[in-house]
Amino acid sequence: SSPPISGMPSFHGWPLLCDPGQRIIPCFTDGRAFLAYGLIHCNIFYWTAIVVALLRRYYSLKWTHFSSVFEVAWHVPMTVLAVPISLMSLKSFWEVVQSGDAELQWGPVENPLVIEASVIFGTFLAVDSVFMVLHGLGDRETYVHHAIFVLVCFVLFKSCSATML
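About the criteria used
- Along each chain, the written sequence defines residue order, and numbers are assigned to residues from 1.
- This being a predicted model, a pLDDT of at least 70 is required before a residue's local features are given, and a value of 80 or more before pairs of side-chain atoms are given or counted; all residues contribute to the totals for chains, interfaces and linings.
- To get the side-chain values, take all heavy atoms of the structure and skip hydrogens and water.
- Helix numbering and strand numbering both begin at the N terminus, where a helix is a DSSP run of H or I of at least 4 residues and a strand a DSSP run of E of at least 2.
- For every residue, the accessible area (1.4 Å probe, protein chains only) is compared with the maximum for its type, and the residue is labelled buried under 20%, exposed over 50%, or partly exposed between those bounds.
- Contact between two residues is taken to exist if any of their heavy atoms lie within 4.5 Å; hydrogens are not considered.
- Each accessible area value is a Shrake-Rupley result obtained with a 1.4 Å probe; residue values ignore everything except the protein chains displayed when judging cover.
- Helices are assigned an expected span. That span is 1.5 Å times one less than the residue count.
- Any pair of Phe, Tyr and Trp rings, taking the six-membered ring for Trp, is counted once the centres come within 6.5 Å. Such a pair is stacked with planes under 30 degrees apart, edge-to-face with planes over 60 apart, and tilted for the rest.
- Nonpolar core, defined: a set of buried Ala, Val, Leu, Ile, Met, Phe, Trp, Tyr and Cys residues in which side-chain atoms within 4.5 Å join the residues together.

### What about the overall build of the chain?
Consideration 1: Scanning the chain from terminus to terminus reveals seven helices and two strands.
Consideration 2: The buried share of the chain, reckoned over its 165 residues, is 35%.
Consideration 3: Partitioning the contacts of the chain with sequence separation of at least 6, the portion at a separation of at least 24 is 65%.
Consideration 4: When the accessible area of the chain is evaluated, it comes to approximately 9,800 Å², of which 68% is carbon and sulfur surface.

Following this line, the structure appears as structure tokens:
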């Protein structure tokens, strides 16, 4: 971990918004991390939509796979947020594998990077679901997909277990 930013723990400059020792659900529900990551998601989504709309308008940008600028923008937030989530998860995974400790691998999650990555993903899932409904982006298959992820995430986040998953 790199030096803290303004007294806040960080991961190579990425601020960790969950308090040290805080579990996934309390970090998610206390609002600070959810609000911050929700705003990041909204900014990425709507700025992408604006840029795509301008490109489409002024450069006659055409595409055959997307029906709207929102459908294009819908794919960008997770593409961007996958970078910190993946880096945090891979670093944590490597540490857990190297330890060989079964309790650490399958027991309660205490690694702050796993907790932070879980909160980022949970926030993404919540905000993405709202965008799906708000902008008519989902079909039945996508709603079922999101519902399954919400249930699986809730079970894993609530029990705060299975670091290896």
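Once you've had a look at it, read on.
### A word on the environment of L156
Consideration 1: With respect to the helices and strands, L156 occurs in helix 7 (residues 140-159).
Consideration 2: For L156, a relative accessible area of 24% translates into the label partly exposed.
Consideration 3: L156 sits 47 residues away from V109 along the chain, and the two C-alpha atoms are 9.6 Å apart.

### Topic: helix 2 (residues 32-58)
Consideration 1: The terminal C-alpha atoms of helix 2 lie 39 Å apart, and with 27 residues this matches the ideal 39 Å at 1.5 Å per residue to within 8%.
Consideration 2: Of all the positions in helix 2, only A33, Y37, G38, H41, I44, F45, T48, A49 and V52 are classed as buried.
Consideration 3: Looking at the buried residues of helix 2, the elements they touch are strand 2 (14-15), helix 1 (24-29), helix 3 (69-74), helix 4 (76-99) and helix 6 (112-134).
Consideration 4: Where helix 2 terminates, the next one or two residues include S60, which has phi positive at roughly 50°.

### Digging into the packing of aromatic side chains
Each aromatic ring pair is characterised by the separation of its centres together with the angle its planes make.
Consideration 1: Taken as a whole and judged by the stated rule, the model has eight aromatic pairs.
Consideration 2: Ring centres of Y46 and F70 lie 6.3 Å apart, and the angle between their planes is 85°; on these two criteria the pair is classed as edge-to-face. Of the two residues, Y46 is situated in helix 2 and F70 in helix 3; the sequence distance between them amounts to 24 residues.
Consideration 3: Judged by relative accessible area, which is 30%, Y46 ranks as partly exposed.
Consideration 4: Under the relative-accessibility criterion, F70 is labelled partly exposed at 27%.
Consideration 5: Taking the centre distance of 5.4 Å and the plane angle of 85° together, the rings of Y46 and F131 count as edge-to-face. Of this pair, Y46 sits in helix 2 while F131 sits in helix 6; the two residues are 85 residues apart in sequence, bridging distant segments of the chain.

### Section: the nonpolar core
Proteins that are soluble and globular tend to have nonpolar side chains buried together.
Consideration 1: Of all hydrophobic cores here, the largest spans 21 residues; its most connected members are A33, Y37, M88, V119 and I120.
Consideration 2: Sorting the residues of this core by element identifies helix 1, helix 2, helix 4, helix 6 and helix 7 as the ones contributing at least two each.
Consideration 3: Among the elements that line this core, the one with the most residues is helix 6, at seven residues.
Consideration 4: If sequence neighbours within four positions are ignored, M88 has contacts with F11, W14, L16, L113, E116, A117 and I120.
Consideration 5: Core analysis: the second largest hydrophobic core is formed by 11 residues, F45, V52, V127 and M132 among them.

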